[in-house]
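# Chain and residue survey
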Amino acid sequence: MRSAEASGTVMGGPRMAAFRNSWPGRVSVSMLVKAVAFGVLTHAIFHHARPTAPLVPLLLTGCVLGWTLVSFLSAPWVASEVALAFLTYVIALFASVAIYRLSPFHPLAGYPGPALAKVTKFWGAWNTWKGDQHHVWMRLHRKYGPFIRTGPNELSIVDVRAVVDVFGAGGIPKGEYYNSRRDPSVPQTLLAMSGEDHDNRRRLWNRGMSNESLVEYEGVVVKRAGQLVDRLREESRRGKNVVDIVQWINFFTFDFMGDMAFGGGYNLLEEGRDEKGLWNTLNRFVLATAVVGHIPWAHDVLIKLPFVSHDLVAFRQIGQKNAAARHQAGAEVKDLWYHLSDEAELEKTRPSVRDVIADGALAMIAGADTTSSALSSFFYYMLCNPTYYQRLRDEIDRVYPDGADATDTSKHDQLVWTDANETLRIAPPLPTNGPRQVPYNSQGATIAERFVPPGTQVYVPPYILHRDPRFFSPSPDTFLPSRWLSAKDGAPAGNVLDRTAFIPFSYGPANCVGRQLARMEMRMVVSLLVQKFEFAFAEGFDREGWLGTVHDHLVSTRGPLMVRVTEREGA
Ligand code: HEM
């Protein structure tokens, strides 16, 4: 039949046309075999060459190439045949990938996990989109144990030895996940760096977060915390005195980070509303980067789609604009910018403005959203636990009697119940944190005494580690601040069985550089607000439902937390 068609002897007749369109009856088996072979070959090439960033264009090129070749080899052909060949090629390609990832030949075959997770990273992207990655992984760890496969080349490990093996000095570097979050038009931020580059940039950040620097920033916290009290006082004097405490805390942390990082620029507390939608932009930015982090190869393509890129670009621009303005203005105070740009000229070479601007958006996200998340959770758990709330208030009234200045940080070491450890344990602001990646060009790594092959991304998720009875017992799922008290504070000892498992600020050389600042901020705000106000859940507020609004988008985002706020007598 093919030779007759090719010679043109039967071309064009109506019966022939009908016959031609009646595929798959007349499709040649050899053509299908070729399509399958090309699909498997494309997989083999991709597997070997490991194209990361531009995978999509390569995939498409491969598809088109396969299509053309199949079409050519099975010529003469008709459109329906080519369509079927192409479809067969694509199915064969994806089937080959899926079979390999599920097979005993895959290097991670020995690790348990759901089939979908083993086959595609879209599973992880979907969980992040929904915001419940921490809950999904928790269920899997409870089913399968400390090691689970959460992606084709990805593990989540809940073992205290992994904290040291992964995050400790000599641990595992950052990889594709962090690179994909990066704006290709600007230099890398501290967050995405590893090795020597990280050490060099981190030295500047460490200076900006040293004890001396924190003393400089205290005045800024005091000013903004005072402004927060004023605004809540105004609200408490209004009719229903019900406020969304999450929103006010957001405003506080955003304004404060703006002051500290860029010498000022945001005035959300003063305006009492977020007219420019900064928080929404921030939240969408956090979500977009978290989803893209799962599918790094898609970043270069997604970034070009206006509805995806809008928030990524908008937020980066806000951070970079403020950073540039601060650079122009020069140093008035020794803010974070002063240290990051080495205005004291302590380094051999000063970082370029572009380098410092790159850390602009990072400072806002890393500093504002995290602290806001921790403070919001603190208020939530405090209000859910009236006995704890009473103890906290008694302590603050004792340490700062008769309305004494509750911003006095010299008394912070007397604040036992005000410490936020239990909130950071039960609701870590980065519930699953970011992964590290065993380098491709390595021999693999040993993590918690198990071999992990090159290229594997490894998570050690704080949310799950913190609720593991091997490390926090009894009642790891219960908010129990007394577990952090030592015997001298009158608490039963032994509730924190292994402190290395407590990693809300991560661990090792790339742990949170701002943790002392965050703790100082939290103690100050809690002391001041609890001293001045009485808080209670607003009537009818769905307190159980609020937990469902907390989403794991790398940094956790949260919905409105409606509380009744009343001024305390004599406050
Ligand atoms: C309660 C508040 C905070 C929490 C729970 C928190 C948590 C964390 C965690 C878990 C990491 C490691 C991220 C990773 O490995 O991918 C991190 C890194 C970082 N944090 Fe925080 N953070 C908080 C507040 C702050 C503040 C106030 C700043 C100040 C700007 C800050 C700046 C940073 C920076 C720059 C890094 C990157 C460090 C590096 O890669 O060397 N954080 N934080």
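Keep in mind that what you see is a predicted model, and the values were worked out from it rather than measured.

What follows deals with the overall build of the protein. Counting its secondary structure elements, the protein contains 24 helices and 11 strands. Of the contacts formed within the protein by residues at least 6 apart in sequence, a portion of 73% connects residues at least 24 apart. Looking at the protein as shown, the accessible area adds up to about 25300 Å², and 58% of this sits on carbon and sulfur atoms.

An order of E1-E2-E7-E4 is seen for the 4 strands of this open sheet, with the pairing classed as mixed. What marks the edges here is a single partner per strand, and that holds for strand E1 (147–151) and strand E4 (436–437). With 4 bridges connecting them, E1 and strand E2 (residues 154–157) associate as antiparallel partners. Opposite Ile148, over in E2, you have Ser156 as the bridge partner. Contacts from helix H8 (residues 133–144) reach E1, E2 and strand E7 (457–459), with the element oriented near 140° to E1.

Moving on: the UniProt feature "transmembrane region" (unreviewed entry) in the protein. Under the present numbering, the feature "transmembrane region" (unreviewed entry) in UniProt falls on residues 27–46, 58–77 and 83–102. Between the first and last C-alpha atoms of residues 83–102 the distance is 28 Å; the span itself is 100% helix and 0% strand.

By the secondary structure assignment, Leu214 is in helix H12 (residues 211–236). Sequence separation between Leu214 and Asp335 is 121 residues; the distance between their C-alpha atoms is 9.7 Å. Discounting residues that sit within four places of it in the chain, Leu214 has contacts with Met209, Gln516, Leu517 and Met520.

In this section: the packing of H12 against helix H23 (residues 515–532). Interaxial distance between H12 and H23 falls to 10 Å at its minimum, and their mutual angle equals 35°. In the packing of H12 onto H23, the handedness of the crossing is right-handed. In contact with Leu214, Tyr217, Glu218, Val221, Val222, Ala225, Gly226, Leu228, Val229, Leu232 and Arg233 of H12, H23 contributes Gln516, Leu517, Met520, Glu521, Met524, Val525, Leu528, Leu529 and Lys532. Its residues assigned to classes, the contact of H12 with H23 shows 14 nonpolar, 2 polar and 4 charged.

Tracing the backbone shows His106 in the loop between helix H5 (79–102) and helix H6 (115–119). The class for His106 is buried, based on a relative accessible area of 4%. Within the local environment of His106, its side chain forms a polar contact with the backbone oxygen of Pro152, the two atoms lying 3.3 Å apart. Polar side-chain contacts of His106 include one of 3.2 Å to the side chain of Asn153. Excluding residues that lie within four positions of it along the chain, His106 makes contacts with Tyr100, Arg101, Arg149, Pro152 and Asn153.

Further remarks concern the sheet that holds strand E11 (residues 562–567). Here we have 3 strands laid out as an open sheet, ordered E3-E11-E8, and antiparallel in their pairing. The open sheet has two edge strands with one neighbour each: strand E3 (242–244) and strand E8 (533–537). Strand-to-strand twist in this sheet, taken as the mean axis angle between neighbours without regard to direction, amounts to 40°. Here helix H13 (residues 245–262) sits on the sheet and contacts E3, E8 and E11; the angle it forms with E3, its principal contact strand, is near 55°.

Another point: the UniProt feature "binding site: heme" (unreviewed entry) in the protein. The sites that UniProt annotates as "binding site: heme" (unreviewed entry) are Cys512. Along the polypeptide, Cys512 turns up in the loop between helix H22 (462–465) and H23. With a relative accessible area of 28%, Cys512 lands in the partly exposed category. Not counting residues up to four positions away in its chain, the partners in contact with Cys512 are Arg202 and Phe505.

In the structure shown here, the tally under the stated rule is 20 aromatic pairs. In textbook terms, an aromatic cluster arises when at least three aromatic residues are bridged by ring pairs, as seen for Phe378, Phe379, Tyr380, Tyr381, Tyr388, Trp417, Phe479, Phe533, Phe535, Phe537, Phe541 and Trp546. The aromatic ring of Tyr178 is capped on one face by Lys174, whose charged end is 4.8 Å from the ring centroid.

When E3 meets E11, the two strands line up antiparallel, connected through 3 bridges. When the bridges of E11 are listed, Asp244 appears paired with Met562. Here E8 runs beside E11; their pairing, made up of 5 bridges, is antiparallel. In the strand pairing of E11, Phe533 is matched with Glu567.

With that settled, the discussion passes to the site of the ligand. Around the ligand, the structure places 29 residues, and the nearest of them are Tyr178, His198, Arg202, Arg436 and Cys512. Taking Ala366, its main chain carries an N or O atom lying 3.2 Å from a nitrogen atom of the ligand. Asn433 places a side-chain nitrogen or oxygen 3.4 Å from an oxygen atom of the ligand. Sorting elements by how many residues they give to the shell around the ligand places helix H19 (residues 353–384) first, with 5 residues. Looking at side-chain class alone, the shell around the ligand contains 18 nonpolar, 8 polar and 3 charged residues.

What counts and how
- Here the residue index of a chain counts from 1 through its sequence in written order.
- Where local features are concerned, this predicted model is filtered to residues with pLDDT of at least 70; where side-chain atom pairs are given and counted, the filter is 80 or more; whole-chain, interface and lining totals use all residues.
- Think of the side-chain values as coming from all heavy atoms in the structure, minus any hydrogens and water.
- A run of DSSP states H or I qualifies as a helix once it reaches four residues; a run of E qualifies as a strand once it reaches two. Both are numbered from the N-terminal end.
- Here, residues are in contact when the closest pair of their heavy atoms is within 4.5 Å.
- Calculation of accessible area relied on Shrake-Rupley with a 1.4 Å probe; when residues are assessed, cover is drawn exclusively from the protein chains displayed.
- Strand pairing requires that DSSP identify at least two bridges connecting the strands.
- Between N-to-C directions, angles cover 0 to 180 degrees, with each direction set by a line fitted to C-alpha atoms, over the stretch in contact for helices.
- UniProt positions are given in the numbering used here, feature names are shortened, and annotations may be inferred rather than shown by experiment.
- Crossing handedness is defined as follows: a turn of the near helix away from the far one that is anticlockwise and smaller than a right angle gives a left-handed crossing, while the clockwise case is right-handed.
- In this classification, the charged set is Asp, Glu, Lys and Arg, the nonpolar set is Ala, Val, Leu, Ile, Met, Phe, Trp, Tyr, Cys and Pro, and all remaining amino acids, among them Gly, are polar.
- Only protein chains enter the area calculation, which uses a 1.4 Å probe; residues under 20% of their type maximum are buried, those over 50% are exposed, and those in between are partly exposed.
- Side-chain atoms alone can form a polar contact between residues adjacent in sequence; in general such a contact is a pair of N or O atoms within 3.5 Å, and within protein one must be able to donate a hydrogen while the other accepts it.
- Here a Phe, Tyr or Trp ring, Trp counted by its six-membered ring, pairs with any other such ring whose centre lies within 6.5 Å, and the pair is stacked when the planes are under 30 degrees apart, edge-to-face when over 60, and tilted otherwise.
- Lysine and arginine charges are scored as sitting over a ring when NZ or CZ, respectively, is within 6 Å of the ring centre and within 35 degrees of the ring normal.
- If a single non-hydrogen atom of a residue is within 4 Å of a molecule or strand, that residue counts as near it.

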